[in-house]
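Here is how the chains run, residue by residue.
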Amino acid sequence: MKNKQDIHLHHRRLSNPEPAGKKSPRFTLPDDRTAAADDDYVEITLDLHDDSVEVHSVTAAGGGTVDDPNLKILAKGLEKKSSFGSSVLKRLASLTRPPPPPVKRLDRTKSAAAQALKGLKFISKAEGGAAWSEVEKRFEELASDGMLPRSLFGECIGMKGSKEFAGELFDALSRRRNISGDSITKEQLKDFWDQIADQSFDCRLKTFFDMVDKDADGRITEDEVREIITLSASANRLSNIQKQADEYARLIMEELDPSNLGYIMIENLETLLLQGAVQPGGGESRNLSKMLSEKLRRTEEHVLQRLYSDGRYFVADNWQRVWVIALWIGVMAALFAYKYVEYRNKNGFAVMGHCVCAAKGAAETLKLNMALILLPMCRNTITWLRNRTKLGAVVPFDDNINFHKVIAMAIGIGVGVHAISHLMCDFPRLLRASPEEYEKVVQYFGRDQPNSYWHYVKGFEGVTGIVMVVLMAIAFTLASPMFRRNKVQLPKPLDKLAGFNAFWYSHHLFIIVYTLLIAHGIKLYMTHEWYKKTTWMYLAIPITIYAAERLTRAFRSSIKAVKILKVAVYPGNVLSLHMSKPQGFNYKSGQYIFVNCAVVSPFEWHPFSITSAPMEDYLSVHIRTLGDWTRQLKTVFSEACQPPPTGKSGLLRADFLQGENNPNFPKVLIDGPYGAPTQDYKDYDVVLLVGLGIGATPMISVVKDIVNNIKAMEEDENAVEEGEGSEPGPMLSSPMHKRKIGSGSEKHDFKTTRAYFYWVTREQGSFEWFKGVMNEVAEMDRKGVIEMHNYCTSVYEEGDARSALIAMLQSINHAKNGVDIVSGTRVKSHFAKPNWRTVYKRIALNHPNSRVGVFYCGAPPPVAELRNLACDFSHKTSTKFEFHKENF
């Protein structure tokens, strides 16, 4: 027998019926507010069965009959609509239940609530937070016939990059004011702006609620939640959330609609916003924080006092660089002065004057710099020196690439002085010299005085010099950041001159340059004694070392062959290669290797940070396709992993393990490892690891290594306490663990007790690269040694209305399932870019009197800020920050 219920609904007759296209009239239960004016209401009695609805009667509230045909048609339509179904039955049945208990409003004076009230901004500071005058100005530019179309509303109010979101905001504001159409006047725009710019939380909450509540019935249904989730995900470029909008909509309804009413109210939304707020910097002392802020505030100083302080701080922070550069400049100055004085006392000075002195002085510095410029590129030698000697304490080996570039600039200046002095001064003077004057240089230039400028240019010295200048100009130009990073847009086929390949091959022109330089230094006009021709003396040792380095790479890479164990392609065009570890291949976290793939190019070697930890039995690198070589490498491995004809799985995916002897994989050679700044992280009590995009690769290895070291030391301590040292277990027998429990100073090499890892990336898909690693670290790090922070910059800053629903959903899902919806890991993600000053401040408060190593890898923009903050906090707090940047 079917269940039957009688439900009495009251419907208000409207004097002005809603226009076509609006939703049908709403139903509400009668209460004290609707008891008055009974003449305006009708009573509809419905019979509810398990799977159907039947209209019992339609009468006036006072008991009279109803002659309105529209109401009768509406009532009959309720039982005819097939879509009404179970969802409407559920909605109507809920009306018979007692009303849900009122939502308890939170105290907004509490700090967490006060923090949340700053949110729900519709115009962010990053977009200008334009004042009305600016909005009005844009209205005049965008409006047509005094009307602003909906499609340009976002651009007009400064909400760039969120056209769909701005359109929904336009619709919500229009519904509130009963504005129909897709255009508004300036007066209506001013009314809209006043509401958007209103700083009160209630107003912003109501605006946001109206955006979600599209039918303006004061209730938000699951369908409406799904639509706003999709819209918010689109505005923040979170494709994964868009795909799971249905699942997340159900999650929000379960959380905010525990009574299963089928809708949520504005009070539920407010509660979620206020409860989701988290006080920043857990456990920090407000008084200490305030004192630190005041200490960091720059005081008024005299300009000379400030210059002295800045200079003293600069020398204290950069003393290693200062003494190396000072020594280098001093040696160059001494060589220049020596040659200048030598030629000042020669007979040729009477004819060529100071020009020949300048040319020869510059030539002497060129010999020195052409020798020195090779040494920073001797990576094996530098790695050996920093790992096996104490020179790393006084020599900044991490700046080898920067020193290489500085020397290159000095070479450019030296070439310019030398060439200009000869071509534009010395040669013309020799041609204009009188016979008496020329007689003084006959021993250098021959008895017959030339009468043509080309006599000097076409000579061996002139030809070799000019060819060297041309080749060096080509190499220097293609090595500039604009060309090397392919930022120059050149027409075809000249576009091949930009990019890493052009830089790589053009740098090998220096083989010709060095050959010509030695020849140029032997055939000299004014020097005939062999022992005074010193060019080859300067170059002999550096060239020998560099040649040995290149031969070592070729020999070592051919012996230490690797096999591809696993291949994966992740979102964001990142190729991951897991390779077998060659026997005897020892490395430290933070170091890098060179990779060569002959199928792509037999001559090119490219550096990539190692992402595996030293104790793991494999090597891994993550390669982002940014240039020609990496793009071809990805293509080669993609083709090798296509499904074979038999139908067996061979697709690239993160969890698919290929066989070691897979013949389809191209041969890969590696060379290394090579030293890098991050490898010294163990020297610090606290480390701050910052990775930007693919720059997280060396930091991932460090994070895994920290966890492994801590776990090994814990097991070592447990073994000692329990007396289990006689029979070492599997972990104790690992190479890493043997090193940790060995005797001597090695036992105490690991000093790090706390690590902060900040990964900043533009794309949500990037988190897939190291998803497994981050989950593993979160699970293994039981003592909370590593604090991990993911930042997705495509999402609008926390507090922006465009990311408000994402933040709510993130809090609910993380609390319920322990998984972040943005990164898909256990690590909760933050929105927009980090506030680095706040990060430094928090570390300084938590770790007074500590040395903090700051390690950064990624694009150049944040470098200046991170370095300056490290200096600022080091000088004004008891915490000393030492900044290190990866250089390739």
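Located above this text is the structure these notes cover.
Residues numbered from 1 in each chain as written. Predicted model: local features only at pLDDT ≥ 70, side-chain atom pairs only at ≥ 80, totals over all residues. Heavy atoms only, no water.

Okay, the overall build of the protein next. Counting its regular elements, the protein contains 34 helices and 17 strands. Counting only contacts in the protein whose residues sit at least 6 apart along the sequence, the fraction spanning at least 24 positions is 72%. (Helix = DSSP H or I, 4+ residues; strand = E, 2+ residues; numbered from the N terminus. Contact = heavy atoms within 4.5 Å.)

Packing of helix α7 (residues 163-176) against helix α10 (residues 222-235) brings their axes to within 8 Å, and their N-to-C directions diverge by 140°. Regarding the angle of α7 to α10, the classification is oblique. Packed against α7, whose contacting residues are Glu 164, Phe 165 and Glu 168, the element α10 presents Leu 231, Ser 232, Ser 234 and Ala 235 at the interface. Partitioning the contact of α7 with α10 into residue classes produces three nonpolar, two polar and two charged. (Axes fitted to C-alpha atoms, helices over the stretch in contact; angles between N-to-C directions. Parallel < 35°, antiparallel > 145°, perpendicular 65-115°, else oblique. Nonpolar A, V, L, I, M, F, W, Y, C, P; charged D, E, K, R; others polar.)

Right, let's get into the sheet that holds strand β12 (residues 686-692). Neighbouring strands of a sheet are bound in pairs by backbone hydrogen bonds; such pairs are parallel or else antiparallel. Strand order in this open sheet of six strands is β15-β14-β13-β12-β16-β17, and the pairing throughout is parallel. In the strand order of this sheet, the two ends are held by β15 (829-831) and β17 (880-885), each with one partner. Ignoring strand direction, the axes of neighbouring strands in this sheet form an average angle of 20°. Here seven bridges tie strand β13 (residues 754-761) to strand β14 (residues 786-792), and the two strands are oriented parallel to one another. When the bridges of β14 are listed, Tyr 758 appears paired with His 789. Sheet strands touched by helix α33 (residues 836-846): β12, β13, β14, β16 (851-857) and β17. Its angle to β13, the strand with the most contacts, is close to 170°. Lying over the sheet, helix α34 (residues 863-876) contacts β12, β16 and β17, oriented at roughly 160° with respect to β17. (Pairing = 2+ DSSP bridges.)

Glancing now at the side chain of Glu 549. Counting through the fold element by element, Glu 549 comes out in helix α27 (residues 535-559). A distance of 2.7 Å separates polar atoms of two side chains, one belonging to Glu 549 and the other to Thr 381. Excluding residues within four positions of it along the chain, Glu 549 makes contact with Cys 378, Arg 379, Asn 380 and Thr 381. (Polar contact = N/O pair within 3.5 Å; in protein donor to acceptor, adjacent residues only side chain to side chain.)

The next point concerns the pairing of strand β6 (residues 564-570). Of all seven residues that make up β6, six are buried, and the element is covered over most of its length. Alignment of β6 against strand β7 (residues 574-580), held across six bridges, turns out to be antiparallel. Note on β7: the bridge partner recorded for Ile 564 is Met 579. Connecting β6 to the antiparallel partner β7 that follows it, the hairpin turn spans three residues, and Gly 572 within it adopts a positive phi of roughly 85°. (Buried < 20%, exposed > 50% of the residue type's maximum accessible area, 1.4 Å probe, protein only.)

Before going further, it helps to spend a moment on helix α17 (residues 354-372). Two residues of an α-helix separated by three or four positions point the same way, owing to the 3.6 residues in each turn. Taking 1.5 Å per residue as the helical rise, α17 with its 19 residues ought to reach 27 Å, and the 27 Å between its terminal C-alpha atoms agrees with that figure. When you tally the buried positions in α17, you get 17 out of 19 residues, the bulk of the element. (Expected span 1.5 Å × (residues − 1).)

Here we have three strands laid out as an open sheet, ordered β6-β7-β10, and antiparallel in their pairing. The two strands at the open ends of the sheet, each matched to only one other strand, are β6 and β10 (618-624). Direction aside, the axes of adjacent strands within the sheet are offset by 15° on average. Where β7 meets β10, seven bridges bridge the pair, whose relative direction is antiparallel. The residue of β10 that forms the bridge with Leu 577 is Val 621.

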